[in-house]
Amino acid sequence: MSLVQQRTSCRAYEPKPLPREYLELMLEAARLAPSACNKQPWRFAVVEDEAMRMRLVDEAFLAGIPMKWAINAGAIIALGMEKSAITHKIAPKISGVDYPLLDLGIAGEHLVLQAEELGLGTCWIGWIKPKKVRAIVDWPKGIEPVGLITVGWPITEKRKTRPRLPAEEIIKWL
Ligand SMILES: Cc1cc2nc3c(=O)[nH]c(=O)nc-3n(C[C@H](O)[C@H](O)[C@H](O)COP(=O)(O)O)c2cc1C
């Protein structure tokens, strides 16, 4: 099975730390991602410290979705967007496309697939309070948190596969 077929969001982790070199490989995979005009607007804050992970889960998650499982992830990685490049201001005004956000998505998924290859589980967390995330990871105002990715040792028997729309519904061949 390929990595993309194998990957599912992981919401159950063994509460064990992660090897630093695994995290470095994941961040390197993200660093190599493509980006519009090669502007690389991504910034990452890797939260390994247990007290800070707890703060993220307790203070920076929005209410309504139960996500306490995230506490057992060995690391929570914050994805931040740095949009100061002049192209980031002009290009979206012309095309209407939010390139930095697109770039962050690509980089995040590079990171996720590298984690999968290493036998780790991940879950994107978009249901966040960006300002709280910024305060906890101590980013300056110019970096806008857009999401978190939990990474940890997966409890694989709790993995679930979610359905996808059929190809005919999402693809148009011309
Ligand atoms: C941008 C983004 C934000 C997400 N936010 C959350 C979240 O806040 N909480 C959560 O439990 N899952 C979150 N997910 C995971 C999705 O629910 C999941 O990817 C989707 O249901 C498909 O399931 P799968 O990843 O297992 O294939 C997010 C995924 C993405 C890509």
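These lines cover the structure that appears in this document, whether it is placed above or below. Keep in mind that this is a model prediction, so the values were computed, not measured.

**Some words on the site of the ligand**
Point 1. Taken together, 13 residues lie near the ligand, and Arg7, Ser9, Arg11, Gly126 and Arg164 sit nearest.
Point 2. In this structure, tryptophan 124 approaches the ligand through a main-chain N or O atom, which is 3.2 Å from a nitrogen atom.
Point 3. Side-chain polar atom of arginine 164 to an oxygen atom of the ligand: 2.7 Å apart, as the coordinates give it.
Point 4. The protein chains hide 68% of the 620 Å² of surface that the ligand would expose on its own.
Point 5. Looking at the shell around the ligand residue by residue, the class counts come to 6 nonpolar, 3 polar and 4 charged.

**Notes on the environment of alanine 75**
Point 1. Structurally, the position occupied by alanine 75 is in strand β3 (residues 75–82).
Point 2. For alanine 75, a relative accessible area of 0% puts it in the buried group.
Point 3. C-alpha of alanine 75 to C-alpha of leucine 111: the two residues are 36 residues apart in sequence and 13 Å apart in space.
Point 4. Once you skip the residues sitting within four places of it in the chain, alanine 75 turns out to touch Leu18, Leu23, Val46, Val47, Glu48, Arg53, Ile149, Thr150 and Val151.

**Overview of the packing of aromatic side chains**
Point 1. Enumeration over the complete set of coordinates arrives at 2 aromatic pairs.
Point 2. For the pair tyrosine 13 and tryptophan 69, a centre-to-centre distance of 6.2 Å together with 40° between the ring planes defines the contact as tilted. With tyrosine 13 in strand β1 (residues 13–14) and tryptophan 69 in the loop between α3 (50–59) and β3, this residue pair connects regions lying 56 residues apart in the sequence. Accessibility classification places tyrosine 13 together with tryptophan 69 in one group, the buried group.
Point 3. Between tyrosine 22 and tryptophan 153 the ring centres are 6.1 Å apart and the planes differ by 50°, which places this aromatic pair in the tilted class. Remark: tryptophan 153 occurs in strand β5 (residues 143–154) and tyrosine 22 occurs in helix α2 (residues 20–31); sequence separation between them is 131 residues.

**As for the pattern of salt bridges**
Point 1. Taken as a whole and judged by the stated rule, the model has 8 salt bridges.
Point 2. Between arginine 55 and glutamate 59 there is a salt bridge; the shortest N-O distance is 3.1 Å. Residue arginine 55 and its partner glutamate 59 are both found in helix α3; the two are separated by 4 residues, about one turn of the helix.
Point 3. Arginine 55 sits in the partly exposed class, given a relative accessible area of 38%.
Point 4. On the basis of relative accessibility, which here comes to 25%, the residue glutamate 59 falls in the partly exposed class.
Point 5. Taking the shortest distance from any N to any O, the salt bridge between aspartate 98 and lysine 83 comes out at 4.0 Å.

**Quick word on the packing of α2 against helix α5 (residues 99–117)**
Point 1. Orientation of α2 relative to α5, taken along the N-to-C sense of each, is 145°, at an axis distance of 7 Å. Along this stretch, α2 crosses α5, giving a crossing that reads as right-handed. For the pair formed by α2 and α5, the contact residues are Leu25, Met26, Leu27, Ala29 and Ala30 on the first element and Ala107, His110, Leu111, Gln114 and Ala115 on the second.
Point 2. Of the residues in the contact of α2 with α5, the class split is 8 nonpolar, 2 polar and no charged.

Conventions we followed
Residues numbered from 1 in each chain as written. Predicted model: local features only at pLDDT ≥ 70, side-chain atom pairs only at ≥ 80, totals over all residues. Heavy atoms only, no water. Near = heavy atom within 4 Å. Polar contact = N/O pair within 3.5 Å; in protein donor to acceptor, adjacent residues only side chain to side chain. Areas by Shrake-Rupley, 256 points an atom, 1.4 Å probe, with all protein chains shown as cover. Nonpolar A, V, L, I, M, F, W, Y, C, P; charged D, E, K, R; others polar. Helix = DSSP H or I, 4+ residues; strand = E, 2+ residues; numbered from the N terminus. Buried < 20%, exposed > 50% of the residue type's maximum accessible area, 1.4 Å probe, protein only. Contact = heavy atoms within 4.5 Å. Phe/Tyr/Trp six-rings, centres within 6.5 Å; stacked < 30°, edge-to-face > 60°. Salt bridge = Lys/Arg side-chain N within 4 Å of Asp/Glu carboxyl O. Axes fitted to C-alpha atoms, helices over the stretch in contact; angles between N-to-C directions. Left-handed = near helix turned anticlockwise from the far one by under 90°.

Geometric descriptors of this kind do not, in isolation, establish any biological role.
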